[in-house]
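Chain by chain, the residues:
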Amino acid sequence: MFQALKTCVSGSRELDGIWSGPGDDVIALHGPDGRFVKISEAAQQIFGVPEDTLIGMRLMDVFAPAHQDRLLAALADVGRPNGDGTGRFEARIRISDRLGPAVEVTLARLKNGRLRSVTRNIEQRLAREETIRKEGREAVSLAARRSEQLANVSHEIRTPLNAVIGFADALYAERFGPLGNDKYRDYARVIQESGQHLLSLITDWLDLSKAEANETTLEMAPEDPGALVNLCAEIMRLRASDAGLYIATEIEPGLGPVMLDAKVIRQIVLNLLSNALKFTETGGITATVRREGAVLAISVIDTGVGMSPDDLSIVGQRFKQARSEGVRGARGTGIGLSLSKALARLHGGELKLMSSVGEGTTALLRLPFEAAPRQTNPFLDNAPNVTSIANAKRA
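Residues numbered from 1 in each chain as written. Predicted model: local features only at pLDDT ≥ 70, side-chain atom pairs only at ≥ 80, totals over all residues. Heavy atoms only, no water.

What follows deals with the sheet that holds strand β1 (residues 26-30). Within the open sheet, the five strands sit side by side as β2-β1-β5-β4-β3. Their pairing is antiparallel. A single partner strand is all that each edge strand has here, and the edge strands are β2 (36-39) and β3 (86-95). Neighbour-to-neighbour, the strand axes of this sheet turn through a mean angle of 30°, independent of strand direction. Where β1 lies against β2, three bridges are found, and the strand directions are antiparallel. Bridge assignment links His30 to a residue of β2, and that residue is Phe36. (Pairing = 2+ DSSP bridges. Helix = DSSP H or I, 4+ residues; strand = E, 2+ residues; numbered from the N terminus. Axes fitted to C-alpha atoms, helices over the stretch in contact; angles between N-to-C directions.)

What follows is the structure in structure tokens.
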């Protein structure tokens, strides 16, 4: 049918291929003034009127007035001297008082100033996009409600839990007199340690939910990354020593202050060190800080049991663990690495794990290296002028 229409329009070679296109598209030929010269039989489906009605009408006559500026912009693209002779725009069909569907129109320049247009109904596509946007808004709203509920529940849990931990600590320390039996002290210690573990779990869970919902606010300030990592290593060094392990640091000199959220970075590094200790039986952990161009690289390298490719594929996912417990029986929840990865993304970076079975694990935290602005002292900066004035007075 399209071949027959082409033959009817003209025998000129300029029309070769003008009627080729998807079956649902409306293909039309226009004169130099934009008036319809010929149009395919699919016109009724999109324009809402027979193709004969459109002959002689201008392109401007078939689109809603609010969208006619898009047609003019597309025509300008078609006529651009250095362009490819095409233009594209989206609009809604409107002929007289008849409102048609939303369409996508592609214009192409032919010889002798003629135009070829291909009009496609995009109502279904727009409906799908609106559905996706609506689902996205609903997901954001649901996440916000869940975060709020989680925060409320977390507060309600932590308040009595802190009381339990405090009372257990008082019993264990026998602050109000001897308990009379050592087992009571042991029970109090277990209650206190279990409470601390549960409190840590609740805090991590809340932090993870906030980070994943982009509700964690970064507080960027000039920080010494080497000092941050050294502090984290010092905090974990006693635990490492008790396990017969070492913690060493290697800091590249001359890094200078970097714009970081110290609390977030400490939380990530402490999580990585704690995880490394959990799965290291002999040897120890080395934390390194260096600059790699525009990247601040912080590594935590252990001599532990390592992980297989299958383990690496799941570690860092929410509540997923490569191993249920560490080499000394310490158990985890699968939240720590998930939280660290979420916080790294929040900070504009990424956290990667590299490991082999029996050869330890390297956790690499890569962050944007943004040097802190140089602090200036107006008095010192103007010191030469002050000296000059003083000398002038003496003279």
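Back to the write-up after that little detour.
In this section: the packing of aromatic side chains. Scanning all chains against the criterion turns up two aromatic pairs. Summarising the aromatic geometry, the rings of Phe36 and Phe47 are spaced 6.1 Å apart at their centres and angled 85° between planes, so their arrangement reads as edge-to-face. Within this pair, whereas Phe36 is found in strand β2, its partner Phe47 is found in helix α2 (residues 43-47), the two being separated by 11 residues in sequence. We note that Phe36, like Phe47, is buried. The interplanar angle of 80° and the centroid separation of 5.3 Å between the aromatic rings of Phe63 and Phe89 together place this pair among those described as edge-to-face. One end of the pair, Phe63, is in the loop between α3 (51-54) and α4 (68-78); the other, Phe89, is in strand β3, and 26 residues separate them in sequence. Between Arg185 and the ring centre of Tyr172, over which it is positioned, the NZ or CZ distance is 4.7 Å. Above the face of the Phe369 ring, Arg291 is positioned so that its terminal group lies 4.0 Å from the ring centre. (Phe/Tyr/Trp six-rings, centres within 6.5 Å; stacked < 30°, edge-to-face > 60°. Buried < 20%, exposed > 50% of the residue type's maximum accessible area, 1.4 Å probe, protein only. Lys NZ or Arg CZ within 6 Å of the ring centre and 35° of its normal.)

So, on to the pairing of strand β4 (residues 98-109). Examined bridge by bridge, β3 and β4 share nine bridges and lie antiparallel to one another. When the sheet's bridge partners are listed, Gly87 is paired in β4 with Leu107. Between the end of β3 and the start of β4, which pair antiparallel, lie two residues, with Ser96 showing a positive phi angle near 55°. Both β4 and strand β5 (residues 115-121) contribute to a ladder of seven bridges, which runs antiparallel. Of the residues in β5, the one forming a bridge with Ala108 is Arg116. The turn linking β4 back onto β5 is made up of five residues, and Asn112 within it adopts a positive phi angle of 60°.

Here we come to helix α8 (residues 262-278). For α8, which comprises 17 residues, the first-to-last C-alpha distance of 24 Å matches the rise-based estimate of 24 Å (1.5 Å per residue) to within 8%. Counting buried residues along α8, 12 of its 17 residues qualify, which places the element largely inside the surrounding structure. Residues of α8 that are buried: Ala262, Val264, Ile265, Gln267, Ile268, Val269, Asn271, Leu272, Leu273, Ala276, Leu277 and Lys278. One side-chain oxygen of the residue at the start of α8 lies 3.1 Å from the amide nitrogen of Lys263, identifying that residue as Asp261. (Expected span 1.5 Å × (residues − 1). Polar contact = N/O pair within 3.5 Å; in protein donor to acceptor, adjacent residues only side chain to side chain.)

Before going further, it helps to examine the sheet that holds strand β9 (residues 284-292). Paired through backbone hydrogen bonds, the strands of a sheet run either parallel or antiparallel to each other. Across the sheet, five strands lie side by side as β7-β9-β10-β12-β11; this open sheet has mixed pairing. Both outer strands of the open sheet, β7 (246-251) and β11 (350-355), are each paired with one neighbouring strand and no more. Strand-to-strand twist across the sheet, computed as the mean angle between neighbouring axes with direction ignored, equals 15°. Pairing geometry for strand β10 (residues 295-302) and strand β12 (residues 361-368), over seven bridges, is antiparallel. Along β12, the bridge assignment pairs Ala297 with Arg366.

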